[in-house]
Amino acid sequence: MYEHLLYEVADGIATISINNPKSLNALDPATIEEFGACIDEVAKDKAVKALIVTGAGPKSFVAGADISKMVLMSAEEGARFAALADGFFSKLEALPIVTIAAVNGYALGGGCELAMACDIRIASENAIFGQPEVGLGIIPGFGGTQRLARLIGKGRAKELILTTDRIDANEAYRIGLVNKVTSKEELIDTCKAMIGRVLKNGPFAVAVAKSCIESGMDMDLKNGLKLEADAFGLTFATEEKKEGMTAFLEKRKANFG
Ligand code: CAA
């Protein structure tokens, strides 16, 4: 049981909902600690094949790090807070299963950063994205200066971070910050439908492909391509490869179990 999160697993899909209704799901240190513990729980549970991260309530995904907790933090405490969140967000990013942020409202500051640590972002029409930190006299500290630039490019990342402009779901889609926009009612079903399209594939191959993309982004092209070639070879040693290719040649759907 968690105090700041709702957690459920159904049909192999885990859902973590950040649940701090009084602060529009702001992330305080206690919530971040619980989030880390919950990611560990997801990682250990072999029945979990995919993860959805969302916000409880109708209005907000996550409205950022908790300003009421940060206001009194010293420089050292601020750095520790960021390192704590970075560690857990990186763990989320490194999970071998597909992860989707179901962005159901405000995704500001740490909320936008949490969504970016997921593989895929699907937003409801009422979602609002932004990095308001410099307006608070700080900078994005849960990965925003790094992941946003990697995701949407340096120029657009600088525009969003330096202006603190808030953008709606359609603009977020236009610039590649989100993969899809849907109605509020259809948000979770849309996430589940996309998960279904991932889960029909070889789970080891999915995990290796994801890992190559993540690691390759931090390498030069030559080393990234070497990483990919080695990983490609690795997938040839699997039952999944045998099943996937045999199924194609036998003109049937692959069954990855
Ligand atoms: N931290 C703490 N409390 C927050 C919060 C946050 N990030 N966001 C909202 N709240 C609280 C509000 O203080 C308010 O509390 P009270 O009812 O006690 O007054 C409650 O949530 C409801 O918020 P509002 O009344 O402001 O609701 P609204 O609908 O008028 O506005 C909002 C919604 C636009 C999200 C607005 O609350 C807002 O601008 N929030 C702050 C967003 C922000 O700056 N986030 C970045 C934080 S810094 C960060 O995240 C650093 C990092 O990189 C990790």
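Residues numbered from 1 in each chain as written. Predicted model: local features only at pLDDT ≥ 70, side-chain atom pairs only at ≥ 80, totals over all residues. Heavy atoms only, no water.

Peer 1: Just to check I follow, could you spell out the environment of Ala149 for this structure?
Peer 2: Residue position: Ala149 is located in helix α5 (residues 144-152). Along the chain, Ala149 and Ile161 lie twelve residues apart, while their C-alpha atoms are 9.9 Å from each other. Residues within four places of Ala149 in sequence aside, it is in contact with Gly144, Lys154 and Ala157. (Helix = DSSP H or I, 4+ residues; strand = E, 2+ residues; numbered from the N terminus. Contact = heavy atoms within 4.5 Å.)

Peer 1: How should the sheet that holds strand β10 (residues 180-182) be read in this particular structure?
Peer 2: Hydrogen bonding along the main chain pairs the strands of a sheet, whether they run parallel or antiparallel. Read from one edge of the open sheet, six strands run β1-β2-β3-β5-β7-β10, paired in mixed fashion. Only two strands of the sheet have a single neighbouring strand rather than two, namely β1 (5-10) and β10. Taking the axes of each pair of neighbouring strands and ignoring which way they run, one obtains an average angle of 20° across the sheet. Pairing of strand β2 (residues 13-18) with strand β3 (residues 50-55), which is carried by six bridges, proceeds in the parallel orientation. Counted as the bridge partner of Ala14 is Leu51 from β3. (Pairing = 2+ DSSP bridges. Axes fitted to C-alpha atoms, helices over the stretch in contact; angles between N-to-C directions.)

Peer 1: Quick question: what am I supposed to make of the domain arrangement of the protein here?
Peer 2: Each domain of the protein was delimited in the assignment, giving domain 1 (5-199) and domain 2 (203-249). Its C-alpha centre places domain 1 at a distance of 27 Å from the equivalent point of domain 2. Contact with domain 1, which involves nine residues of that partner, is made by six residues of domain 2. Both faces considered, domain 1 and domain 2 share a buried interface measuring about 570 Å² in area, 48% of it formed by carbon and sulfur atoms. When residues of domain 1 are sorted by the area they lose upon contact with domain 2, Glu93, Pro96 and Arg150 head the list and together hold 64% of the total. For the interface between domain 1 and domain 2, the tally reads two salt bridges. Among the residues making up the side of domain 1 that touches domain 2, the classes are represented as five nonpolar, one polar and three charged. (Domains from an automatic or database assignment. Buried area = accessible area lost by both parts, 1.4 Å probe. Salt bridge = Lys/Arg side-chain N within 4 Å of Asp/Glu carboxyl O. Nonpolar A, V, L, I, M, F, W, Y, C, P; charged D, E, K, R; others polar.)

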